[in-house]
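Listed here are the chains, written in short residue letters.
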Amino acid sequence: MKKVYIRTFGCQMNEKDSEIVLSLLQPDFVPTEEPESADLILINTCSVREKPQHKLYSEIGRFKELKKKKPELLIGVMGCVAQQEGERIVERYPYVDIVLGTQAFYQIRQAIERRLKEGKPFVWTELKPDFKPPLVLGSKKLRRVKAFVNIMQGCDNFCTYCIVPYVRGREVSRPPEDILREVEYLVKEEGVKEVALLGQNVNSYGLKEKSYGDFADLLERVSQIDGLLRIRFTTSHPKDLTERLMRVIAENPKVCKHIHLPLQAGSNKILKLMNRKYTREEYLAKVERLRELCPEIAITSDIIVGFPGETEKDFLQTLEMLERVRFHEVFSFKYSDRPFAAATNFQGKVPEEVKEERLKRVHEAQAKITAEVYHSYVGKEVEVLVEGRSERDENQLTGRTTTNVIVNFTAPRLDLEGELVKVLIESAGKHSLKGKYLSPSF
Ligand code: SF4
C-alpha cells in the first residue's frame, strides 16, 4: 500500500480539506507522519497572511531533496496558494507534480492519474460559481471525540484586506441533508461526540439557498442527532449575528457557549475602510445582547493592527474595545498586503515598526485580560468534554469547557475519553486551567 504525507497550513477549513483528501485517497494510500517514507507528499497551503505563504516555499524546497533521492515520489500543492499561483508554482518549482485549487482538490485521484499518464505537471484551479462540494464520508482514522464539518465554501463579503473571496470563490452553502448525514456518520461510525461546523461566515449559511433554512435552523437540526454531545461553530461575522441565532446559542444545551466574533478594529473609520459593514457601536450592542441572553458565553476575536490609514487615535480605540468587551482570547495580526485585496492599493500604509509596536501593545493588553478572565474560573465547577490524556502529564486528563477553555485535571480513572464530566477548577495558567475531577455530568 502507498503512503501519503500531508502538511497543512492555515485555518480549520484547510485541516478539514486535508482530511477530505485523505478520505478520497483511501484505500490506496495510508497516511504517514514521515515525508521520507511517503509516495505522495501534499502541501495544503494558506495565503491569508504572508507568513504561511513564505513557509510553503521553504517547505517545497525541503521536499526537493527527497524527490532527488526518490524520483517516483509525487509532490502536490493544494489550498489557497495553489489557487492563487496556479501554473506559476510549477514554473518556479518544476519538480512539483500536481497543483490543485480550493475546489479542484476533490479531484485528487484524477489529478494523480493524469500526472502519471501525461508525464508532466498537472495544474487544476478552476473556480465554478455554482460549485457543489460532494459529500465525502470516512476519515483518515477512526476518531474518538471531535471532528470538523464544512457547512459552506467561499465568501461574499470582500473585506478589503482579505484574499479569501478570490481564492475560495463565492459563498455556497452545503445542503442540510448532506451535513446531517455527515454528522450522523461521524457520531455513529466514528464515535465523535463534538462537531465544529466550519465556514468563512457560518452566520450567513443558507441566506442564498432559501430552502436550506438559516444557520439557527441548522444548529437546531444538528443538535437532534442522538449521541452528539456538543456543537461548536466558526467563524461568525458580526453583521449576520441575528437575535434568533443568539437565542439558539443561549438556549440549546448542545450548542457550546462560545463564539468567535472577529472585531478586526475598534475605530469606525478603519472598520469602514475594511468594508466590515458594522460599527463599533453595533458590535458592542450585539455583545451586550448576547451576554444578556447567555451570561456565561465566551467571546473570542481577531484583531488586525496597522491597517492602511490607522492612526494612533484609531489604534487606541481598538485597545479600548479590548477593555470594554473583555474577550477570552484574541488572535492579533499585523496588516499585510495580499494579492487581489483592495486595501493593497490603499494610501497611508503604516510603517512596519509601528505595526510591530501596536501588535505588542495588543498582546500585552489582552494577556492581562485573558489572565483575569481565566482566573475568574478558579473555585468554579465546570463541565468538561474529555479529549484524552494531557500531553504534558500522562497521568492527567485534558478537555475543554463549553466556553472552549482547555482544562487539565486529575481524576481517579483515566478512561473517561469522550465523556462529559464535572471538574473543580483549582488554578489558572496563561492558556489553560487546572483542576480535579468531581463527578460525571448528566
Ligand atoms: S468575512 Fe471578510 S475576512 Fe472573513 S473570509 Fe470573508 S472577506 Fe475574508
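The structure presented is a predicted model; accordingly, all values stated were derived computationally and were not measured.

Undergrad: Outline the domain arrangement of the chain, supporting the account with residue identities and numerical values.
TA: The domain architecture assigned to the chain consists of domain 1 (2–124), domain 2 (129–256), domain 3 (258–376) and domain 4 (381–440). The gap between the C-alpha centroids of domain 1 and domain 4 is 37 Å.

Undergrad: Tell me what's going on with the site of the ligand, and back it up with residues and numbers.
TA: All residues in the neighbourhood of the ligand are listed as Cys 155, Asn 157, Phe 158, Cys 159, Cys 162, Val 164, Pro 165, Gln 200, Asn 201 and His 237. In terms of residue class, the shell around the ligand is built from six nonpolar, four polar and no charged.

Undergrad: So what's going on with the sheet that holds strand S6 (residues 122–124)? Residues and values would help.
TA: Across a sheet, strands are paired by hydrogen bonds formed along the backbone, either parallel or antiparallel in direction. Ordered by their spatial adjacency, six strands build an open sheet running S2-S1-S3-S4-S5-S6, and the pairing between neighbours is parallel. Here the strands that pair on one side only, and so sit at the sheet edges, are strand S2 (29–31) and S6. Averaged over all adjacent pairs, the angle separating strand axes in this sheet is 20°, with direction ignored. Of the strand pairs in this sheet, strand S1 (residues 2–8) and strand S3 (residues 40–45) are connected by five bridges, and their pairing is parallel. Bridged to Tyr 5 within S3 is Ile 41.

Undergrad: Requested: an account of the sheet that holds strand S14 (residues 329–334), with residues and values cited.
TA: The sheet built from three strands is open, its strands ordered S12-S13-S14 with parallel pairing. Of all strands in the sheet, those with a lone pairing partner are strand S12 (258–260) and S14, marking the two edges. Direction aside, neighbouring strands of the sheet carry axes that sit 15° apart on average. Sheet topology places S12 next to strand S13 (residues 298–305); three bridges connect them, and they run parallel. Each bridged residue has a counterpart across the sheet, and for Ile 259 the counterpart in S13 is Ile 299. Seen against the sheet, helix H13 (residues 352–375) touches S13 and S14 and runs at an angle of roughly 175° to S14.

So, how was this worked out
Residues numbered from 1 in each chain as written. Predicted model: local features only at pLDDT ≥ 70, side-chain atom pairs only at ≥ 80, totals over all residues. Domains from an automatic or database assignment. Near = placed C-beta within 6 Å. Nonpolar A, V, L, I, M, F, W, Y, C, P; charged D, E, K, R; others polar. Pairing = 2+ DSSP bridges. Helix = DSSP H or I, 4+ residues; strand = E, 2+ residues; numbered from the N terminus. Axes fitted to C-alpha atoms, helices over the stretch in contact; angles between N-to-C directions. Contact = placed C-beta atoms within 7 Å.

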